[in-house]
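Here are the chains, one letter per residue:
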Amino acid sequence: MSAPAITVPEGFTLHKENTSAVLLPATNDAFLNPVQEFNRDLSVACIRTWSERANEERERRWRLAAERRASKKKAAATAVVVEEGEGAKHRAKKPRTEGDAEEAADEKTERAGAPGASEASAAVDASSGVAKSQAEFRPHQFVILEALSATGLRSIRYAHEIPLVKYVIANDLSPAAVEAMRRNVELNDLHEKEEPAPEGSGEKPRIRPAKVRVNEGDACALMYNHRSERNRVDVVDLDPYGTAVPFIDAAVQCVNDGGLLCVTCTDLSVLATTNYPEKCFSNYGGAPVKAEYCHEAALRLVLHTLSTSAARYGRYVQPLLSLSIDFYVRLFVRVFTAPIEVKRAFSKTAVYYVCSGCQSFYEQPLGRVTEQVSAKGNVTLHFKVHTGPPVPERCPECNSVFHVAGPMWSGPIHDKDFVSSVLSHVEANEDKYGTSARMKGMLTVAKEELDTPFYFTPSKIASHFHCVCPSLDETASALLHAGHKVSRSHACAGSLKTSATYPDIHDIFRSWVKTHPVRMDKVSENSPTRQLLSKEPKFEANFKHHPDSVTASSKVKLVRYQQNPAPNWGPGAKPGGKRKREQDGDD
């Protein structure tokens, strides 16, 4: 059956995206950026993959608990038979042991995996101890909270396209946005409504609960109301106009243990430049980077904010996917509660000394972890401050001054297994995503990325040496021949990530210069280039093609980086309607 035609009221335009449609008013009261379709597609794929993996974890725990309970019941039944055979008439009351506590925990896990499992679970035969019936695992239905929904398109897509969504809470502070959300939720038939009973059944009409629940109010207040353990939600999505920092403290508290936190920040003028270092520090607790790898530094600054915000409440974050996209960054992290992992966050934080001339960087970790193994084999962790600094006052490569960046996250920014799962899902459902080509390209590059911080481009290094630029393949081959690892970076076209240090990279370019001389008469006396060229390379680089220089993502034609979708495109204009806070202030 074809979907019924949608009547568009006067003064509105219809915007369709995948299986959803929304009505947009002529005025800019509710914000929607069509270019963000890639963001929404990626979010649907990531949340769907996370939910599948989370349910696999739940099922695994549930089955282990059920097996333990079955084995204990079998052992107990065997003991009863033996005891009765011996003619025991009086048995002392069995004291409660640790095993009983474990059994109670298993029973709780089993109930969580399969509601009603206590009634439907195995009745054990006294003689054989074999279960007569076995309860089935029921996948967990989860709740999504979108704190800043605007038109509600993202929430509507989540409700339509992600299986096992119990309901989505769509919130906004603007009355105009809330009105638009209610209109669009009803348009997509996701609102609460009365469904008539079957004819002749004599039953009363059934109330169908809303799949998208609209809320008008302050996003932080709403999330703080969900921070108690029994009220927490499974997924929190923050996609504001600008920075997400004001909402992060509430978000890390209201998400369930093992839940997903999705964060967008569009303030790259603060995160990825040194134009407003004081604003970057007040928002993200660190100084930004002025270098070609500033977009990866932006990701690490936001991860640092998420990590420190969660750590205040005994929680830690596990980055699943962190992407620099167009004019914003988008991060997907899981949030867990574990004091020992909170302590480890100290050693995953670093300050970086960045050269103002050649852009070499040197990592200064804040903490370190040492292990002490006892004679019995027990391991004790000790958390200590790190020694430093790792460099002298001036850059040993070009003698320029250093600038300090950070503190920021220094650990991995992607979970390779998760990225592989998302990529497999997208490849199997290409027709369900309008931006599937770009999703495949960016996810393929992210899956291959090394966990080392920051990337470089051969063209930028060549500009420091005032030399002809070697090709990407020649640079990658030279690094591989020298024994280093190499990958591409999703954040910048024509970039490379490597396990080599900047002095190693410079030695490769010094070898290149020997066969591609630099015209020194074009280099000023005080230029850092003279310092870079004054050193002899420690080894002779081999620029011949290396078989591993062509990565899996390079072998196929993929859309890795965004093409301009429309003229004068960008973040879009901020919604013009007055917000509730401003109206309250006027009153």
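Reading guide: rules and limits
- Residues numbered from 1 in each chain as written.
- Predicted model: local features only at pLDDT ≥ 70, side-chain atom pairs only at ≥ 80, totals over all residues.
- Heavy atoms only, no water.
- Helix = DSSP H or I, 4+ residues; strand = E, 2+ residues; numbered from the N terminus.
- Buried < 20%, exposed > 50% of the residue type's maximum accessible area, 1.4 Å probe, protein only.
- Contact = heavy atoms within 4.5 Å.
- Areas by Shrake-Rupley, 256 points an atom, 1.4 Å probe, with all protein chains shown as cover.
- Pairing = 2+ DSSP bridges.
- Axes fitted to C-alpha atoms, helices over the stretch in contact; angles between N-to-C directions.
- Core = buried A, V, L, I, M, F, W, Y, C linked by side-chain atoms within 4.5 Å.
- Expected span 1.5 Å × (residues − 1).
- Polar contact = N/O pair within 3.5 Å; in protein donor to acceptor, adjacent residues only side chain to side chain.
- Parallel < 35°, antiparallel > 145°, perpendicular 65-115°, else oblique.
- Left-handed = near helix turned anticlockwise from the far one by under 90°.
- Nonpolar A, V, L, I, M, F, W, Y, C, P; charged D, E, K, R; others polar.
- Right-handed = clockwise from strand over helix to strand, strands pointing away.
- pLDDT = per-residue confidence, 0-100.
- Salt bridge = Lys/Arg side-chain N within 4 Å of Asp/Glu carboxyl O.

A count of helices and strands for the chain gives 19 helices and 18 strands. With 587 residues in all, the chain has 47% of them scored as buried. Residue pairs in contact within the chain that sit at least 24 positions apart in sequence constitute 69% of those at least 6 positions apart. Of the roughly 29,200 Å² of accessible surface on the chain, 51% is carried by carbon and sulfur atoms.

This paragraph deals with the sheet that holds strand β8 (residues 233–238). The seven strands are arranged β7-β4-β3-β8-β9-β11-β10 in an open sheet whose pairing can be described as mixed. Looking along the sheet, the strands with just one partner apiece sit at the ends: β7 (212–216) and β10 (315–325). The sheet shows a mean angle of 15 degrees between the axes of neighbouring strands, direction not considered. Where strand β4 (residues 165–172) meets β7, five bridges bridge the pair, whose relative direction is parallel. Paired with Ile 169 across the strands is Arg 213, a residue of β7.

Core analysis: the biggest nonpolar cluster contains 88 residues, and Met 223 and Leu 238 have the highest contact counts within it. Ranked by size, the runner-up nonpolar core spans 46 residues in total, among them Val 178, Met 181, Val 235 and Phe 327.

A word on helix α16 (residues 502–515). Here α16 contains 14 residues, and its C-alpha end-to-end distance of 21 Å stays within 8% of the 20 Å for a straight helix at 1.5 Å per residue. The buried count for α16 comes to 10 of 14 residues, which makes it a mostly enclosed element. Those residues of α16 not exposed but buried are Tyr 502, Ile 505, His 506, Asp 507, Ile 508, Phe 509, Arg 510, Ser 511, Trp 512 and Val 513.

Once that is clear, we can look at helix α7 (residues 245–254). Because an α-helix packs 3.6 residues into every turn, residues spaced three or four apart end up facing the same way. Most of α7 sits inside the fold, with eight of its 10 residues counted as buried. All buried positions along α7 are accounted for by Val 245, Phe 247, Ile 248, Ala 250, Ala 251, Val 252, Gln 253 and Cys 254.

What follows concerns the side chain of Glu 397. With respect to the helices and strands, Glu 397 occurs in the loop between β15 (379–385) and β16 (402–409). The class of Glu 397 is buried, set by a relative accessible area of 7%. There is a polar contact of 2.8 Å between the side chain of Glu 397 and the side chain of His 506. Beyond its immediate chain neighbours, meaning those up to four positions away, Glu 397 contacts Cys 358, Ser 360, Tyr 362, Pro 503, His 506, Arg 510, Gln 531, Leu 532 and Lys 535.

Turning our eyes to something else, we now look at the side chain of Ser 477. Counting through the fold element by element, Ser 477 comes out in helix α15 (residues 472–481). Contacts of Ser 477, omitting those with residues within four sequence positions, involve Asn 542, Phe 543, Lys 544, His 545, His 546 and Ser 549.

Right, let's talk about the sheet that holds strand β12 (residues 349–355) for a bit. Pairing within the open sheet is antiparallel, and its three strands lie in the order β13-β12-β16. Two strands close off the open sheet at either side, each with one partner strand: β13 (361–365) and β16. Put simply, the sheet's adjacent strands are angled 25 degrees from each other on average, direction ignored. Relative to β13, β12 runs antiparallel, the two sharing five bridges. Pairing of Tyr 353 across the sheet is with Tyr 362, part of β13. Strands in contact with helix α10 (residues 294–311) are β12 and β16; relative to β16, the strand with the most contacts, it is inclined by about 50 degrees.

Between helix α14 (residues 458–465) and α16, the shortest axis-to-axis distance is 11 Å and the interhelical angle comes to 65 degrees. Our classification of the angle between α14 and α16 gives roughly perpendicular. Considering the relative orientation of α14 and α16, their crossing is right-handed. Packed against α14, whose contacting residues are Pro 458, Ile 461, Ala 462 and Phe 465, the element α16 presents Tyr 502, Ile 505, His 506, Phe 509, Arg 510 and Val 513 at the interface. Partitioned by chemical class, the residues of the contact of α14 with α16 number eight nonpolar, one polar and one charged.

A few words now on the pairing of strand β3 (residues 142–146). Burial runs high along β3: five of the five residues are buried. Here β3 shows a buried face lined by Phe 142, Ile 144 and Glu 146 and a second buried face lined by Val 143 and Leu 145. In the sheet, β3 pairs with β4 via five bridges, with the strands oriented parallel. Bridge pairing links Ile 144 to Val 168 in β4. A crossover connection joins β3 to the parallel β4 through helix α4 (residues 153–161); in handedness this β-α-β unit is right-handed.

Glancing now at the confidence of the model for the chain. Overall, the prediction assigns the chain a mean pLDDT of 87, with 83% of residues at 70 or greater. With pLDDT under 50 throughout, residues 115–133 is counted as low confidence; its partners more than four residues away or in other chains account for 26 contacts.

Once that is clear, we can look at unusual backbone geometry. Here the residue pair Gly 388 and Pro 389 is connected by a cis peptide bond, since its omega of -5 degrees sits within 30 degrees of zero. Mapped onto the elements, Pro 389 comes out in the loop between β15 and β16. Cis geometry marks the peptide bond from Gly 406 to Pro 407, where omega comes out at 5 degrees. By the element assignment, Pro 407 lies in strand β16. Here the phi dihedral of Ala 150 falls at roughly 55 degrees; this positive angle occurs in a residue that is not glycine. Locating Ala 150 in the fold gives a position in the loop between β3 and α4. Relative accessible area serves as the criterion here: at 15%, Ala 150 is assigned to the buried category.

As for its position among the elements, Phe 539 is in the loop between α17 (528–533) and α18 (552–555). Assessed through its relative accessible area of 27%, Phe 539 is described here as partly exposed. As for Phe 539 and Ala 482, which are separated by 57 residues in sequence, their C-alpha atoms are 8.6 Å apart. Setting aside residues up to four positions removed in sequence, Phe 539 forms contacts with Ala 482, Asp 504, Asp 507, Ile 508 and Ser 511.

Take the pattern of salt bridges next. Between side chains of opposite charge, a pair can form as their charged atoms come close. If you walk through the whole model with that rule in mind, you get 28 salt bridges. A salt bridge links Glu 17 to Arg 40, with the shortest nitrogen-to-oxygen separation between them at 2.7 Å. Taken together, the residues span a long stretch of sequence, with Glu 17 in strand β1 (residues 12–17) and Arg 40 in helix α1 (residues 37–85) at a distance of 23 residues. Arg 40 matches Glu 17 in its accessibility class, with the two residues each being buried. Between Asp 326 and Arg 438 there is a salt bridge; the shortest N-O distance is 3.0 Å. Of this pair, Asp 326 sits in the loop between β10 and β11 (328–337) while Arg 438 sits in helix α13 (residues 436–448), and the two are 112 residues apart along the sequence. Residue class for Asp 326 comes out partly exposed when judged on its relative accessible area of 26%.

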